[in-house]
Number of protein chains: 2
Amino acid sequence: MIKVGINGYGTIGKRVADAVSCQDDMEVIGVVKTKPDFISKMATKRYKIYTTKTENIAEFKNKGLNVEGTIEDLLDGIDVVVDASPEGVGAKNKVMYEKHNVKAVFQGGEKHELTGISFNAQSNYRDALNKDYVRVVSCNTTGLCRTLKTIDDVAGIKKVNATIIRRATDPGDPKKGPINAIEPVLKIPSHHGIDVKTVLYDLDISTMAVKVPTTLMHLHAITVDMIDKKTDLDDIVRALDKARRIILINGSDGLTSTAEIMEYARDLGRRRGDLFEIAVWKDGMNIRDGVLYYYQAIHQESDVVPENIDAIRAIMGMEDAEKSMDLTDKSLGIMK
Amino acid sequence: MIKVGINGYGTIGKRVADAVSCQDDMEVIGVVKTKPDFISKMATKRYKIYTTKTENIAEFKNKGLNVEGTIEDLLDGIDVVVDASPEGVGAKNKVMYEKHNVKAVFQGGEKHELTGISFNAQSNYRDALNKDYVRVVSCNTTGLCRTLKTIDDVAGIKKVNATIIRRATDPGDPKKGPINAIEPVLKIPSHHGIDVKTVLYDLDISTMAVKVPTTLMHLHAITVDMIDKKTDLDDIVRALDKARRIILINGSDGLTSTAEIMEYARDLGRRRGDLFEIAVWKDGMNIRDGVLYYYQAIHQESDVVPENIDAIRAIMGMEDAEKSMDLTDKSLGIMK
């Protein structure tokens, strides 16, 4: 039984905690929260809570919430910590994990250099085997890796250009914008393509990105110059249909936007209405002169959750990537 | 004096009417409205109003609005009609224009085949000389033509891929969506690239498009594979800076999104806060391996207005494109 702690119980942390709970070979020893807010209250119903420093404990007690101790206490009782703290904070936490001799899975908000190994289960699981520290790439990078790896395997990729149309913030956040504007990422290429290369090492990819006023999903408009110019749409569709953690959808079925995709996900009955899979429009694809064009939608809150589970198994030494992904996908009800 | 009528007084029609009024060589004889709403009320303060059929006249009178007659009465007294009626309605109106022997400028909502000549002043003014019917291309196509023609002249274009991030509807429309979703145009290539080729005849261009919850502007993320691989950013910047109806802006000046661009436009003091120019981010451009990447923002309500004015002059026989554009730009306060 792999003993797991979750440091940070926000959008990603709470989902990873629930996913770890579903695994037969793992258990959640505790989760770390800073403040005794409604999220902590919910967390106490499922998990033991730890906090970042001794001074916080009284604050939790005042609100009637039981705290087991500080994060350092938690670290003494676990094999792996999933660091789901805010962007950049993971880098500071690493010193503490080293001190306690605990392996760690970081998120895409941290720099690649923090761990030297960035992770996407379908692309490079074995490169993380038995490592002490690994970084699961961001939601956008995860989505790009899943489909591009599949396409590269079937057709070979000469060059990718993609435009990332990003949601402004997550549905539960009332603070950030824009609420009526389109905001381009002026640094070209945007970091997304550069990040893909931390997983698909030899891929030639450039990305541009814009932020738009929506909260549900990101959407990618992708152009792939293929090496094998004889590849036809059927080859691509067949490969994507077979690949893990990708679903093919059709606008003709009424799935015309990210709104309908998330409505579909809620109807699936999963906790929080999550969609772990990358949704690719089958009837929104074309090939012209050996160039493949397609759209995909990314549920930014959840697509990295199965990757975190596989990353835990990889650093804990499970050699068989397919077996890990089988276990993860079955436990989370991932469709295929 | 060119006698002009405007059929349709919505987003485009009212702006074209005002722009025609600013020209020394044109006058607005009348505008055509269907319903006696607040827009008609505003219109009566500046223009003579005609309506689509005799039955409507009483309705206008009941609201205390004076109507000069029907559109057929208007057509008998003008040289050119600018058809700014809803998408597809222009095609039906053409029969009437033919009957009255009146030249017509249609908008981008109509098909290219309706006129056989599609128009962008900087790209193909002379092809419209003395024609009876011409179609000014849509706001997005106009924006693409302006910058791509400029880039083609300086570097040569091998191939363009662009993603069009479209505003959901115009600011004054409370009815359409989406309000929280991204909606891709599943037909690839989207019509935008195809439409550019009705003006830049030999350009190899493919476009993808998504609709997003904003009303202010469209935004394009554009990738240009250049023929002259020695072209550097300075060459491109210099050419765009010199070209008409394009302005270079900088994120570093606080113009980080379409919201700030439109705030800037409102501060310019033009009627309705319009921005006739295409805004290109100077600090949001890059060249990698002979491929140029840039972003541009399009004020969908107004960028075609100067094109309508030049289209009128072209079909009325003014041979000098530069002279027409000089007159238009000066009268509308277009920046350079």
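Residues numbered from 1 in each chain as written. Chains lettered and ligands numbered in written order. Predicted model: local features only at pLDDT ≥ 70, side-chain atom pairs only at ≥ 80, totals over all residues. Heavy atoms only, no water.

1. Remarks on the domain arrangement of chain A
Residue and element names in this part refer to chain A.
Thinking step 1. We note that the domain assignment places domain 1 (2-137 + 304-332) and domain 2 (139-298) within chain A.
Thinking step 2. Here domain 1 and domain 2 have C-alpha centroids that lie 26 Å from each other.
Thinking step 3. Residue-level contacts link 28 residues of domain 1 with 19 residues of domain 2.
Thinking step 4. Interface of domain 1 and domain 2: buried area, both sides summed, is about 2,000 Å²; carbon and sulfur atoms make up 43% of it.
Thinking step 5. Summed over the shared surface of domain 1 and domain 2, the result is 11 salt bridges.
Thinking step 6. Ranked by the residues each element gives to the side of domain 1 that touches domain 2, the list is headed by helix H12 (residues 321-332), at 6 residues.
Thinking step 7. In terms of residue class, the side of domain 1 that touches domain 2 is made up of 9 nonpolar, 8 polar and 11 charged. (Domains from an automatic or database assignment. Contact = heavy atoms within 4.5 Å. Buried area = accessible area lost by both parts, 1.4 Å probe. Salt bridge = Lys/Arg side-chain N within 4 Å of Asp/Glu carboxyl O. Helix = DSSP H or I, 4+ residues; strand = E, 2+ residues; numbered from the N terminus. Nonpolar A, V, L, I, M, F, W, Y, C, P; charged D, E, K, R; others polar.)

2. A closer look at helix H10 (residues 258-267) of chain B
Residues and elements named next belong to chain B.
Thinking step 1. Considered for burial, the residues of H10 that qualify are Thr258, Ile261, Met262 and Ala265. Here the buried residues of H10 occupy an arc of 95 degrees about the axis, which is enough to place them on one side. Facing away from the buried side of H10 by more than 90 degrees, the exposed set consists of Arg266 and Asp267.
Thinking step 2. Looking at the buried side of H10, the elements it contacts are strand E12 (218-226), strand E13 (246-249), strand E14 (278-281) and strand E16 (291-298).
Thinking step 3. For H10, the N-terminal capping position is held by serine 257, with its side-chain oxygen 3.2 Å away from the main-chain nitrogen of alanine 259.
Thinking step 4. Glycine 269 sits one or two residues past H10 and shows a positive phi near 85 degrees. (Buried < 20%, exposed > 50% of the residue type's maximum accessible area, 1.4 Å probe, protein only. Arc of directions from axis to C-beta. Polar contact = N/O pair within 3.5 Å; in protein donor to acceptor, adjacent residues only side chain to side chain.)

3. Description of unusual backbone geometry
Thinking step 1. In this structure, A:Pro189 follows A:Ile188 across a cis peptide bond, with omega equal to -5 degrees.
Thinking step 2. Note that A:Pro189 resides in the loop between strand E10 (183-184) and helix H8 (191-196).
Thinking step 3. Looking along the chain, the bond that leaves B:Gly177 and enters B:Pro178 is cis, with omega of 0 degrees.
Thinking step 4. Mapped onto the elements of the fold, B:Pro178 is located in the loop between strand E9 (157-167) and strand E10 (183-184).

4. With respect to helix H7 (residues 139-155) of chain A
Thinking step 1. Here H7(A) spans 24 Å end to end across 17 residues, near enough to the 24 Å set by a 1.5 Å rise per residue.
Thinking step 2. The buried count for H7(A) comes to 13 of 17 residues, which makes it a mostly enclosed element. (Expected span 1.5 Å × (residues − 1).)

5. Digging into the sheet that holds strand E5 (residues 80-83) of chain B
Two orientations exist for strands paired in a sheet by backbone hydrogen bonds: parallel and antiparallel.
Residues and elements named next belong to chain B.
Thinking step 1. The strand order across the open sheet formed by 8 strands is E4-E3-E2-E1-E5-E6-E8-E7, and the pairing between neighbours is parallel. Here the strands that pair on one side only, and so sit at the sheet edges, are strand E4 (69-70) and strand E7 (118-119).
Thinking step 2. Where strand E2 (residues 26-33) and strand E3 (residues 49-51) come together, 3 bridges link them in parallel fashion. For valine 32, the partnering residue across the bridge sits in E3 and is tyrosine 50.
Thinking step 3. Packing of helix H11 (residues 305-315) onto the sheet brings it into contact with strand E1 (2-7), E2, E5, strand E6 (103-106), E7 and strand E8 (133-136), and relative to E6 it is tilted by some 155 degrees. (Pairing = 2+ DSSP bridges. Axes fitted to C-alpha atoms, helices over the stretch in contact; angles between N-to-C directions.)

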